Amino acid sequence: MTDSTAALPPGLAEQVGLHVVPLEVSVDGARHAEGVDVTPDQLLHALERGARVTTSQPPPSAFAAAYERAAAAGAHEIVSVHLSGEMSGTVRSARTAATVSPVPVRVVDSRGAALGLGFAALAAARRAASPLTTSDAGEGAGDARPVGRAAAVRRWLARAARREGEAEPTWPDAEQVAAAATVAAQSARVWFLVDSLDHLRRGGRLGAGAAALGTVLGLRPLLSLQDGRLVVAEKVRTRRAARERLEHLALAEIAARAGARVGVHHVGPPDAADALARRLADAAGSHVVETLVADAGAVLAAHAGPGLLAVVVADA
């Protein structure tokens, strides 16, 4: 399970068996659930016309209901992977709900956002759907049963083993699944380039001093996540130079890894994100095993504003 700030491409969560709990977005006082009844395009239009946009974490009751549904569908344990606790109270809500869940819940603070969180959630889902191998011996096999499509994969593998007269596969427990999420999250690096820092300043995600760099000095700060918080990583004079620097940082990070997963986010038209993703994939070659391009989502759009371009690099 994860939350909507994972900003996964449409359909991917369902494909791997991830359940997504939406954050709340308020537009001029009207409340919406991210990804449910407000789209990124709708929010972009609201921001462009100057609407007052705020966000809030899901209440514990939303997580409690999600955990109950998962348990009713057959889950015996749940791994819940979420947005950095330094940026939102989402993790706190999940932990509160975990205390009343009908099955044990392991809540993971990704200390990340966007696909920095998304890759961690995907790692957990993929681990849950992968049988233990001989190299996992001694780690223990548990009962972190997935639901939905991931559960169907498990059933198919079990039937195949029975047909061949082989022992049925054993599966990782919740501790192993949570560990996979944590490792992926810790490996992720995230950089953001925004047109204006005003949205981040008003939302409290960036200090007034850092925001003044863009407004007063005319600089284009590249933002990053450090210890789960949004910080200014570098200051660049123009947007073109900032985009070039963003690409350079991503390529250097990819080259330093044996294999990498890359995510590129946008708010607004996807052209620049698509082009950047192609350049990174072409330059990195076989170092990149997965490239995802996705809208940053309504919550990130509300805080970063129009024009966001972001890159995430994580271990494969």
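Everything below is about the structure shown above.
Residues numbered from 1 in each chain as written. Predicted model: local features only at pLDDT ≥ 70, side-chain atom pairs only at ≥ 80, totals over all residues. Heavy atoms only, no water.

*Asks:* It is not clear to me how helix α7 (residues 174–187) should be interpreted in this structure. Could you clarify?
*Replies:* The end-to-end C-alpha distance of α7 is 20 Å, a good match for the 20 Å that 14 residues give at a rise of 1.5 Å each. All of the buried residues along α7 are A174, Q176, V177, A178, A181, A184, A185 and S187. Packing partners of the buried residues in α7 comprise β6 (78–82), β7 (105–109), α5 (115–128), β8 (189–193) and β13 (309–315). The residue sitting at the N-terminus of α7 and contributing the capping side-chain oxygen is D173; that oxygen lies 3.2 Å from the backbone nitrogen of E175. (Helix = DSSP H or I, 4+ residues; strand = E, 2+ residues; numbered from the N terminus. Expected span 1.5 Å × (residues − 1). Buried < 20%, exposed > 50% of the residue type's maximum accessible area, 1.4 Å probe, protein only. Contact = heavy atoms within 4.5 Å. Polar contact = N/O pair within 3.5 Å; in protein donor to acceptor, adjacent residues only side chain to side chain.)

*Asks:* What's the story with the packing of helix α10 (residues 239–255) against helix α11 (residues 271–284) in this structure? I'm lost.
*Replies:* Working note: a packed helix pair is described by the angle between its axes plus the distance between those axes. Viewed as axis vectors pointing N to C, α10 and α11 meet at an angle of 35 degrees, and their least axial separation amounts to 10 Å. Seen along the crossing, α10 lies across α11 with a hand that is right-handed. Between α10 and α11, the residues in contact are R243, L246, E247, A250, L251 and I254 and A272, L276, R279, L280, A283 and A284, respectively. Grouping the amino acids of the contact of α10 with α11 by side-chain chemistry returns nine nonpolar, no polar and three charged. (Axes fitted to C-alpha atoms, helices over the stretch in contact; angles between N-to-C directions. Left-handed = near helix turned anticlockwise from the far one by under 90°. Nonpolar A, V, L, I, M, F, W, Y, C, P; charged D, E, K, R; others polar.)

*Asks:* Which parts of the structure should I look at to understand the pattern of salt bridges?
*Replies:* Pairing of side chains with opposite charge becomes possible as their charged atoms draw close. One pass over the structure, following the stated rule, counts twelve salt bridges. Here R49 ties to D28 by a salt bridge, and the two come within 3.3 Å at their closest N and O atoms. You can see R49 sitting in the loop between α2 (40–48) and β5 (53–56) and its partner D28 sitting in the loop between β3 (24–27) and β4 (30–33), a full 21 residues away along the chain. A relative accessible area of 57% places R49 in the exposed class. You can call D28 partly exposed: its relative accessible area is 47%. The salt bridge involving R229 is made with E86; its shortest N-O contact spans 2.8 Å. Here R229, found in strand β10 (residues 229–236), pairs with E86, found in the loop between β6 and α4 (90–98); they are 143 residues apart in sequence, far enough to count as distant. For E86, a relative accessible area of 34% translates into the label partly exposed. (Salt bridge = Lys/Arg side-chain N within 4 Å of Asp/Glu carboxyl O.)

*Asks:* Explain the sheet that holds β3 to me, please; I cannot follow it from the model alone.
*Replies:* Note: strands within a sheet are paired through backbone hydrogen bonds, in either parallel or antiparallel orientation. Overall, antiparallel pairing links the three strands, which are arranged β4-β3-β5 in an open sheet. Both edges of this open sheet fall to β4 and β5, since each of them pairs with a single strand only. Here the strands of the sheet are splayed against their neighbours by 25 degrees on average, with no regard to which way each runs. Bridge count for β3 against β5 is four bridges, and the pairing is antiparallel. Bridged to V25 within β5 is T55. (Pairing = 2+ DSSP bridges.)

*Asks:* In this structure, what is going on with the side chain of E253? I would like to understand it.
*Replies:* Inspection of the secondary structure assignment puts E253 in helix α10. Of the polar contacts made by the side chain of E253, one reaches the side chain of R257; its length is 2.8 Å. With sequence-adjacent residues up to four places away left out, E253 is seen in contact with R189, W191 and V313.

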